[in-house]
Amino acid sequence: MGDSAGLQFVSSYAFEAMQKVDVVRLAALSDPELRLLLPCLVRMALCAPADQSESWAQDKKLILRLLSGVEAVNSIVALLSVDFHALEQDARKEQQLRHKAGGSNGESILVSQLQHGLTLEFEHSDPLRRLRLTLSELLAIMNKVADSNGEFFLKSSELFESPVYLEEVADVLCILQAELPSLLPIVDVAEALLHVRNGDWFLCLLVANVPDSFNEVCRGLIKNGERQDEESVGGRRRTEALRQLCQMNPSQALNIRAMVVEECHLPGLGVALTLDYKPDTPDEAVSPLVSYVSGLLLGTNSKVRTWFSMFIRNGQQRKRESSSVLWQMRRQLLLELVAILPRSRSTRLPNDGGMEDEAASGYSGLREEHVVKASALLRLYCALVGIAGLRPTDEEAEQLLQLMTSRPPATPAGVRFVSLSFCKLLAFPTLVSTPEQEQLMVIWLSWMIKEEEYFESAAGVSASFGEMLLLVAMYFHSNQLSSIIELVCSTLGMKIAIKASSLSKMKTIFTQEIFTEQVVTSHAVRVAVTNNLSANITGFLPIHCIYQLLRSRSFTKHKVSIKDWIYHQLCETTTPIHTQLIPLIDAYINSILTPASKANPEATNQPITEQEILSVFQSSAGQGEGSRGGRQRFSITAQLLILYYILSYEENLLASTKQLALMQKKPKSYSAALMDQIPIKFLVTQAQGLQQELGGLHSALLRLLATNYPHLCLVEDWVCEEEVTGTLPLLRRMMLPSNTCRYSQSQLHQAFQKLPSSSPRLIRILEHLTLLSPGDLIPYAEALTASMALLLEPAVPRRILQTLNKLWMGLNTVMPRRLWVMTVNALQPSAKLLRQQRYTQNDLMVDPLIVLRCDHRVFRCPPVMDIVLHMLNGYLLGSKAHLQGHLKETADFDRQSQTISNLGVPGQPDTPEVTREELKNALLAAQDSAAVQILLEVCLPTSEEQQLGVSSKSLLRTNRGPTQGKQKLESLLSDLREVQCLICCLLHQMFIADPNIAKLVHFQGYPQALLPLTVAGIPSIHICLDFIPELLAQPQLEKQIFAIQLLSYLCTQYALPKSLSVARLAISVMGTLLTVLTRAKRFCFFMPTLPCLVAFCQAFPPLYDDVAALLVQVGQVCASDVATKVRDVDPFIESIIFNINISIDQVMKVTSNL
């Protein structure tokens, strides 16, 4: 709006005085400034105030005194004396008339007849007619605006253009709006004023006289504004008007700018307000313009980003550079860029040695106070070019290149600036267009390589630009241009479109002039590891470079050893774990096991040595348990990473045996002795409490454990661990006194040795130990296990045994493997102890049944038996994994050697792979069944117990004898019953885990006296119903008898339809065998099976007829035998007849009860 350039606008000082009604400041205004505010002041002085306070009365007097000397006040007073109610009625009638006439300027109720022009009529009119003239003109403009459908027009109005009467028209306009607010909403009036000349001046005066409407007017103008204000005359007039309003009230400029962004209208206004903004305390780091534009383009709101990008693109097409807000913005940004460029061309660079030539060559250093601002400018220009599509001019490109190739000081901000400059060169290589500029870039990149180590040490940061250089060089060598683009976007913090073809020049420079592949590889090994590497250290680190080189197999290709670097980096880690560590380990393991090429199978990396691995765990729980107060040399993160490396290495080694066998290459596996010294369970338990900090490491370790060490992932262990580490144990430990280690290991050992006299003291020590955490119990593990045999004596209190069991289970959560070996060795029979036979972990894995070759007193000591069963279950699972691993490890190499040795020998079979697998399964089945049979044998009463009256029928009965003489028997039966329950619980779990074990055991058979116990105590034994028909079909008479006896108990326990059908089958089989068996075999078969018929009838009464018919048939067979042997009755037949009679009597009783 250049047409109002010569007019005086309301100053910010005057507007603030009006806002606050500061009479003192108003009195200080000059007459021209005061003249603009007269409408509001006159109404303020004449209208009855709502504020009746004394202070306002005094202020009102000052206002009257201020107005008394101004001549124009009289005309305003005359305007206020008009009947505004009648004026409003006439105005509404005129609006209705115009609406009916379709908006044409026909007859007017407000203005009847104009004898002269509008200006002369205004001059010669009285106050009422002046009001009518102005109101009529204003309503005409407002109606036209309403009918324009958003299309801008400029209304030629003599009344608003005459410079002589502008002030009087402004007075009339302000009075009309103040007195007729419903007819003339201030937002609509403001919108109409944009369509006349001098509209911004009238608008500022109107708002200045109604200062409370400032935000309302601005919001209305912005909401009705164009999305791109620079594209139309109306948009530019609106922007200029709002800009004048904000100059009048600068304190609200930033709020108006926020409205612009919120509505996504008038982008030029937002930039213009930022250019006009002068903060009270200027920020030396980043200017308001850089902050504002960066926020729009790099913010999270995609709608705002698109809107402002369109403003940039459209603005570049306009030729009016001087008047465009976009070109004003670009000029200001260029001025800020030039202002921070180094002035001195001989600034001394950081390194002292060998820098004289560079200092003399004219390369400049960036001042430290300008580094942050330079980084912000670089990111802004990246966003403008990459996101908004700005096309830099030659001047802008030259100055940007000068800034990017400047050399900052060695500070963290300087490192960040160099990284941004480097990425900007990669993102926009067109900035380098001439050979001189290309040479400048090469020299600057060479300086980066030379100064990288100094910058990292001087700046005190772990993530330097040297790693980024290496990473980009590796990506260029492997042609991973998409990875370079991702790296650039990640560093710049924005997603920009970079064509892979644009990187060809940079690729040539990197791969041929700066970084050859061998240079990259040899340089990467010399890069220092990152101390205390964690996820908190951002940016591009040496680990990123090493990882890419491992993936591209550059180390093995150029025969560069990387083992030491990886080992030291794994040791220099802490929580939270860095996301690149696990992929690094996986890539390293792959480079160890898989050669870089088939032509050179020896081109692999070396694995970490066992001695290096052991050094990491020297102060861990598995080694020096006694010195728990000592400081660990390596962090828990390093130990967990090394553990992950070992487990993953072993798993991948087994998975790669076929490929390795074809290449005649067999990498060394880590020894079992090494694995025994690593506290696997303790470390995994520690990792469980650090899951948030360890990311996916904990779950990866659990997966490897479940595959390779299933005996360390027992469900019972996890449940017990919850009991040990839950809330209640924690509260109990909080009650401990400060001196938690009150008892030493020697005191505990002495208390065990003096049993039973030291029982009270031993109970106190053990109860105190239960309050300790499992980790604190580790030093006592040897003393607890070594004295277990002493607790098998009959006089040891039960409380000591139960407390020991609790402590053992707690230790089992942190050191199970070592604890199991110590326990097995401690529970050997006394004869073995004298021979000093000590089992190892490998012995127990190969033969888990060693666990049951313990002192026989263990079998009648339930707390200790519980421990033995727990170990047995673990070693059975561990043995399966051990044999499976052994099979994988040896099968392919044996087959390969067999194939080579059989070359040229016709008819020689290949390695019988299927046979090996079958042999393994057979061995495992025999192992499990042997364990089950031994445990079932333990459930039988011993000879001593039989002498005390424990018969087969008493296995499921509790002795309740009241006499004192049976007290020992009662105790013995109680221990036996508890042991039976523990064994049945384990067998139940084994049968559920593998039903084939149940089938194998029952095909082998076991004493009939145990059937009441197994059927009642093992819930999963009902699966035997599935294979009893198969067992009945066996040719051995003993198996048939066992099947019928087992079925009789199952029918009583599980009266199911399936049991009924199997029972019918059994009766049918008995009837068939009656006709085919010889006399002696009939006796052997029917004597133990006839009582089972009673159980069938008790469980299923519908079988009565079949059973009765079978018994009659048996009786007839026996009678025929008697008839043929009248002289010498066979005693066998007499016994059968006796049993038949008993069975008939019992069946009749069952029937009568029904």
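Residues numbered from 1 in each chain as written. Predicted model: local features only at pLDDT ≥ 70, side-chain atom pairs only at ≥ 80, totals over all residues. Heavy atoms only, no water.

*Asks:* Mind showing me how you'd approach the overall build of the protein chain here?
*Replies:* A tally of helices and strands in the protein chain yields 62 helices and 0 strands. Counting the 1154 residues in the protein chain, one finds 53% classified as buried. Across the protein chain, every contact between residues at least 6 apart in sequence was considered, and the portion connecting residues at least 24 apart equals 74%. (Helix = DSSP H or I, 4+ residues; strand = E, 2+ residues; numbered from the N terminus. Buried < 20%, exposed > 50% of the residue type's maximum accessible area, 1.4 Å probe, protein only. Contact = heavy atoms within 4.5 Å.)

*Asks:* Before we go on, may I ask you to explain helix α6 (residues 73-80) in this structure?
*Replies:* Given 3.6 residues per turn, any residue in an α-helix points the same way as the ones three and four places further on. Considered for burial, the residues of α6 that qualify are V73, I76, L79 and L80. All buried residues of α6 lie within an arc of 115° about the axis, which places them on one face of the element. Its buried side turned inward, α6 meets α3 (31-35), α4 (38-46), α5 (54-67), α7 (84-100), α9 (127-147) and α11 (166-179). (Arc of directions from axis to C-beta.)

*Asks:* Please explain the pattern of salt bridges as it appears in this structure.
*Replies:* Where side chains of opposite charge bring their charged atoms close, a pairing between them can arise. Applying the stated criterion across every chain, the model contains 29 salt bridges. For D928, the salt bridge identified is with K880, shortest N-O distance 3.1 Å. Of this pair, D928 sits in helix α52 (residues 913-939) while K880 sits in helix α51 (residues 862-901), placing them 48 residues apart in sequence. Judged by its relative accessible area of 3%, D928 is buried. (Salt bridge = Lys/Arg side-chain N within 4 Å of Asp/Glu carboxyl O.)

*Asks:* Which parts of the structure should I look at to understand the packing of aromatic side chains?
*Replies:* The relative placement of two aromatic rings is captured by the distance of their centres and the angle of their planes. Within this structure, the stated rule accounts for 13 aromatic pairs. An angle of 75° between the planes, with centres 6.1 Å apart, marks the rings of Y645 and Y670 as edge-to-face. Placement of the pair is Y645 in helix α35 (residues 636-655) and Y670 in the loop between α36 (657-662) and α37 (672-676), with a sequence separation of 25 residues. With relative accessibility at 0%, the residue Y645 sits in the buried group. Judged by its relative accessible area of 9%, Y670 is buried. Following the ring pairs from residue to residue traces out a cluster consisting of Y588, Y645, Y649 and Y670. Across from the ring centre of W327, 4.4 Å away, lies the NZ or CZ of R330, which sits over that ring. (Phe/Tyr/Trp six-rings, centres within 6.5 Å; stacked < 30°, edge-to-face > 60°. Lys NZ or Arg CZ within 6 Å of the ring centre and 35° of its normal.)

*Asks:* Could you clarify how one ought to interpret unusual backbone geometry in this entry?
*Replies:* Peptide bonds are mostly trans, and most non-glycine residues show a negative phi. Between T575 and P576 the backbone carries a cis peptide bond, its omega angle lying at -5°. Looking at where P576 falls in the secondary structure, it is placed in the loop between α32 (563-571) and α33 (581-593). Positioned with a positive phi, N198 is a non-glycine residue whose angle comes to about 60°. With respect to the helices and strands, the residue N198 is situated in the loop between α12 (186-193) and α13 (199-209). By relative accessible area, N198 is classed as buried at 7%.

*Asks:* I would appreciate a short explanation of the packing of α11 against α13 in the present structure.
*Replies:* Two quantities define a packed helix pair, namely the angle between the axes and the distance from one axis to the other. With their axes 10 Å apart at the nearest point, α11 and α13 run at an angle of 45° to one another. The orientation of α11 with respect to α13, classified from their angle, is oblique. The element α11 and its partner α13 pack so that their crossing is right-handed. When α11 is examined against α13, the residues L166, E167, V169, A170, L173, C174 and Q177 are found in contact with a partner set consisting of W201, F202, L205, L206 and N209. (Axes fitted to C-alpha atoms, helices over the stretch in contact; angles between N-to-C directions. Parallel < 35°, antiparallel > 145°, perpendicular 65-115°, else oblique. Left-handed = near helix turned anticlockwise from the far one by under 90°.)

*Asks:* How should the confidence of the model for the protein chain be read in this particular structure?
*Replies:* Low pLDDT means the predicted atomic positions in that stretch should not be read closely. Per-residue pLDDT for the protein chain has a mean of 79; in total, 82% of the residues score no lower than 70. Predicted confidence is poor over residues 344-363, with pLDDT under 50, and the contacts of this stretch with residues over four places away or in other chains come to 28 contacts. Contacts of residues 899-911 to residues separated by more than four positions or lying in other chains number 9 contacts, the stretch itself having pLDDT below 50. (pLDDT = per-residue confidence, 0-100.)

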